[in-house]
Amino acid sequence: MTTATPHHTVRAIFVSFATAGVLTLGVAGQAWAHAHPVHETPAPGATVAAPEQVRISYDNPLESAFSHLTVRNAEGKPVNRAKSSVEGRSRKIMRVALPALSAGKYEVRWVAVADDGHRTQGHYTFTVK
Ligand SMILES: [Cu+2]
């Protein structure tokens, strides 16, 4: 229970009522598999030579139909021409190929939908030197 986020706690309470106390709080409090980033390449805040892709690994599998990743330039214009994809048998990796990027600041925006249907999202910047 100590790691449950608020929406999971609400759901856990609902499950407890729905099952008329059959489930104990310990069982209801077990984690639903919601996806959070584990590692981003390029890393947030990094200054790098023009990367060929942005790749993010997550702690749980992603639903490829609903998860996506875009990269925008300093003017807010998307620079990736190819769509992002979810890869690996584990479906824990999302990546997008990039064209040759010129020097400047770029923003990565991602949306990850896990098998439990929960959506997480985030954004960060990196700089191409
Ligand atoms: Cu979740």
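Residues numbered from 1 in each chain as written. Predicted model: local features only at pLDDT ≥ 70, side-chain atom pairs only at ≥ 80, totals over all residues.

(A) Quick look at the sheet that holds strand β5 (residues 85-87). Strand order in this open sheet of four strands is β1-β3-β6-β5, and the pairing throughout is antiparallel. Two strands bound the open sheet, and with one partner strand each, they are β1 (37-41) and β5. On average, each strand axis in the sheet is tilted by 20° relative to the strand beside it, whichever way the strands run. By the bridge criterion, four bridges tie β1 to strand β3 (residues 53-58) in an arrangement that is antiparallel. (Pairing = 2+ DSSP bridges. Helix = DSSP H or I, 4+ residues; strand = E, 2+ residues; numbered from the N terminus. Axes fitted to C-alpha atoms, helices over the stretch in contact; angles between N-to-C directions.)

(B) Here's a closer look at the nonpolar core. One finds Leu-62, Leu-69, Met-94 and Ala-112 to be the most contacted residues of the largest nonpolar core, which totals 17 residues. When residues of this core are traced back to their parent elements, those giving at least two are β3, β4 (68-72), β6 (93-97) and β7 (104-113). If one sorts the elements of this core by residue count, β7 sits on top with five residues. Other than its neighbours up to four places away in sequence, Leu-62 contacts Ala-35, Ser-67, Val-86, Arg-91, Lys-92, Met-94, Ala-112, Val-113 and Ala-114. (Core = buried A, V, L, I, M, F, W, Y, C linked by C-beta atoms within 7 Å. Buried ≥ 20, exposed ≤ 12 C-beta atoms within 10 Å, placed from the backbone. Contact = placed C-beta atoms within 7 Å.)

(C) Highlighting the environment of Ala-49. Summarising the element assignment, Ala-49 is placed in the loop between β2 (47-48) and β3. Under the C-beta neighbour-count criterion, Ala-49 is labelled exposed, with 10 such atoms within 10 Å. In the structure, Ala-49 is positioned 53 residues away from Ser-102 in sequence and 9.5 Å away in space, judged by C-alpha atoms.

(D) Main features of unusual backbone geometry. The residue after Thr-41, namely Pro-42, is reached through a cis peptide bond having omega -10°. By the element assignment, Pro-42 lies in the loop between β1 and β2. Although it is not a glycine, Arg-91 adopts a positive phi angle of roughly 55°. Inspection of the secondary structure puts Arg-91 in the loop between β5 and β6.

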